[in-house]
Amino acid sequence: MNSIKIKPEHYNIISDWWAKQNWPIIPEDHLPKAGFIIYNLDTPVIAGFIYKTDSSFGLFEFIVANPEVKGLVRTLAFDLLIESVIQYSKESGIKSLFSSVTNKSLIKRLAASGFMVTDEGMTNLIRRI
């Protein structure tokens, strides 16, 4: 498996995953330049983005997986995504990562990888300006 820094050409792949899972497609100009997409051979498996703030706090957001890839391949790809995000965060001076997640399976995977569950039953709100 390979971890690749997200590039603009990955946007269509990731947008397609969001659409297939009936998730809102995040406008490209709302996504940070920092993020990773994990490939298994030539197949993209999972992606996630890191927002850097003006503090040592970062946001790990918009995690999405290829809906056609399941099982062990997706699990191993998720592990590599977390490893890549943690390494990048350390190198960037990020000391804590926050993620807002509703998918129970993803919550469980993030908790197993060292994320601490804080609030539950939260509603996220966005206002375009």
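The structure under discussion appears in the preceding block.
Residues numbered from 1 in each chain as written. Predicted model: local features only at pLDDT ≥ 70, side-chain atom pairs only at ≥ 80, totals over all residues. Heavy atoms only, no water.

**Focus: the environment of Glu-120**
For clarity, the cut-off: Secondary structure is summarised from DSSP: a helix means a run of H or I of at least four residues, a strand means a run of E of at least two, and numbering begins at the N terminus for each.
The topology assignment puts Glu-120 in the segment after α3 (104–112). C-alpha of Glu-120 to C-alpha of Leu-97: the two residues are 23 residues apart in sequence and 17 Å apart in space.

**Focus on the packing of aromatic side chains**
Going by this rule: Geometry of aromatic contacts follows a simple scheme: Phe, Tyr and Trp rings, the Trp one being its six-membered ring, pair when their centres are within 6.5 Å, and the pair is stacked under 30 degrees between planes, edge-to-face over 60, tilted otherwise. Using a 1.4 Å probe on the protein chains alone, a residue whose accessible area is under 20% of its type maximum counts as buried, one over 50% counts as exposed, and one in between counts as partly exposed.
Counted according to the given criterion, the structure contains 7 aromatic pairs. Considering the side-chain rings of Phe-57 and Phe-98, the 6.2 Å spacing of their centres and the 35 degrees angle between planes classify their relative orientation as tilted. Here Phe-57 is found in strand β4 (residues 57–65), whereas its partner Phe-98 is found in strand β5 (residues 96–98), with 41 residues between them in sequence. Residue classification places Phe-98 among the partly exposed positions, given a relative accessible area of 31%. Taken together through their ring pairs, the aromatic side chains of Trp-18, Trp-23, Tyr-51 and Phe-62 make up a single cluster.

**Some words on the nonpolar core**
Filter applied, for reference: We define a nonpolar core as any set of buried Ala, Val, Leu, Ile, Met, Phe, Trp, Tyr and Cys residues linked to one another through side-chain atoms lying within 4.5 Å. Only heavy atoms matter for contacts: two residues are in contact if any of them lie within 4.5 Å across the pair.
Counting 22 residues, the largest nonpolar core has Ile-46, Ile-50, Phe-60, Leu-81 and Leu-110 as the members making the most contacts within it. Those elements giving two or more residues to this core turn out to be β2 (35–40), β3 (43–52), β4, α2 (71–91) and α3. The dominant element in this core, judged by the number of residues it contributes, is α2, at 7 residues. Apart from residues no more than four positions distant in its own chain, Ile-46 is found in contact with Trp-17, Phe-36, Ile-37, Ile-38, Ile-63, Val-64, Ala-65, Ala-77, Phe-78 and Leu-81. Listed in part, the 13 residues of the second largest apolar core include Ile-14, Trp-18, Leu-31 and Ala-47.

**Topic: α3**
Condition: N or O atoms within 3.5 Å of each other form a polar contact, as long as, within protein, one can give a hydrogen and the other can take it, and as long as residues adjacent in sequence are counted only when both atoms are side-chain atoms.
Two to three positions downstream of the cap, the backbone nitrogen of Ser-105 sits 3.0 Å from a side-chain oxygen, assigning the N-cap of α3 to Asn-103. Positive phi shows up at Gly-114, right after α3, with a value of about 110 degrees.

**Some details on a nonpolar patch on the surface**
What counts here: Within this analysis, patches are made of residues with over 30% relative accessible area and no salt bridge. Like charges are joined at 9 Å or less; nonpolar side chains (Val, Leu, Ile, Met, Phe, Trp, Tyr) at 5 Å or less. Computed with the Shrake-Rupley method and a 1.4 Å probe, the accessible areas treat only the protein chains shown as cover for residues. A pairing counts as a salt bridge when a side-chain nitrogen of Lys or Arg comes within 4 Å of a carboxyl oxygen of Asp or Glu.
On the surface, Met-1, Leu-72 and Leu-76 cluster together into a nonpolar patch covering about 290 Å² of accessible area. With respect to the helices and strands, the residue Leu-72 is situated in helix α2. Residue classification places Leu-72 among the exposed residues on the basis of a relative accessible area of 61%.

**Some details on unusual backbone geometry**
The phi dihedral of Asn-22 is positive, around 55 degrees, even though this residue is not glycine. You can see Asn-22 is positioned in the loop between α1 (11–20) and β2. Using a relative accessible area of 73% as the deciding quantity, one classes Asn-22 as exposed. The backbone of Leu-41 sits at a positive phi, close to 55 degrees, despite the residue not being glycine. The topology assignment puts Leu-41 in the loop between β2 and β3. Classification of Leu-41 by relative accessible area gives exposed; the value is 72%.

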